[in-house]
Amino acid sequence: MKKKWMFIGLLILAVITLFLTNPSKEDYEAIFVHPHVKTAENLNKHYQLEHINFFLFSTYTPIVAEEYGKTRLGILGNFFTISDGQFDYPKWLELFN
């Protein structure tokens, strides 16, 4: 019985930690978006950021001139590349539209 409550406590602690360290869109842009894209008005027209927030982690995919770039997973305050970029809309992201 004591092990069960300890496991539940650790699970709750892990969920709280993941939720609090989920990187925001601003965190992604500070690391991966080129400064010229942030400031130049003509480049901002051709740049978008696909962001899906799962509350415990997030995914970020830049869209430059209608081409999808590398998808990165944001978890525990870090970003990990999960695709090498593609030229069409990712099939797995269609589930969330």
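As a reminder, the structure under discussion sits directly above these lines.
Residues numbered from 1 in each chain as written. Predicted model: local features only at pLDDT ≥ 70, side-chain atom pairs only at ≥ 80, totals over all residues. Heavy atoms only, no water.

**Q** Explain the overall build of the chain to me, using residue names and the numbers behind them.
**A** Along the backbone of the chain there are 4 helices and 5 strands. Along the chain, from the amino end to the carboxyl end, the secondary structure elements read α-α-α-α-β-β-β-β-β. The long-range share in the chain, meaning contacts at least 24 apart out of those at least 6 apart in sequence, stands at 33%. With an accessible surface of roughly 7,200 Å², the chain has 64% of that area assigned to carbon and sulfur atoms. (Helix = DSSP H or I, 4+ residues; strand = E, 2+ residues; numbered from the N terminus. Contact = heavy atoms within 4.5 Å. Areas by Shrake-Rupley, 256 points an atom, 1.4 Å probe, with all protein chains shown as cover.)

**Q** Explain the nonpolar core residue by residue, including any values.
**A** The biggest cluster of nonpolar side chains holds 6 residues, and these are Tyr28, Val33, Tyr47, Leu49, Tyr60 and Phe79. Ignoring sequence-local partners within four residues, the contact set of leucine 49 consists of Lys25, Tyr28, Glu29, Tyr60, Thr61 and Pro62. (Core = buried A, V, L, I, M, F, W, Y, C linked by side-chain atoms within 4.5 Å. Buried < 20%, exposed > 50% of the residue type's maximum accessible area, 1.4 Å probe, protein only.)

**Q** So, unusual backbone geometry: which residues are in play, and what are the values?
**A** Here phenylalanine 55, not a glycine, exhibits a phi torsion of approximately 70°, which is positive. Structurally, the position occupied by phenylalanine 55 is in the loop between strand S1 (47–53) and strand S2 (58–64). For leucine 76, which is not glycine, the phi dihedral falls at a positive 55°. You can see leucine 76 is positioned in the loop between strand S4 (72–75) and strand S5 (78–81). On the basis of relative accessible area, leucine 76 is assigned to the partly exposed category, the value being 48%.

**Q** Break down the side chain of threonine 71 for me, citing the residues and quoting the values.
**A** The residue threonine 71 is located in the loop between strand S3 (67–68) and S4 in this model. Given a relative accessible area of 1%, threonine 71 falls into the buried group.

**Q** Tell me about the environment of glycine 77, and please be specific about residues and values.
**A** Along the chain, the position of glycine 77 falls in the loop between S4 and S5. Between the C-alpha atoms of glycine 77 and phenylalanine 57, which are 20 residues apart in sequence, the distance is 9.1 Å.

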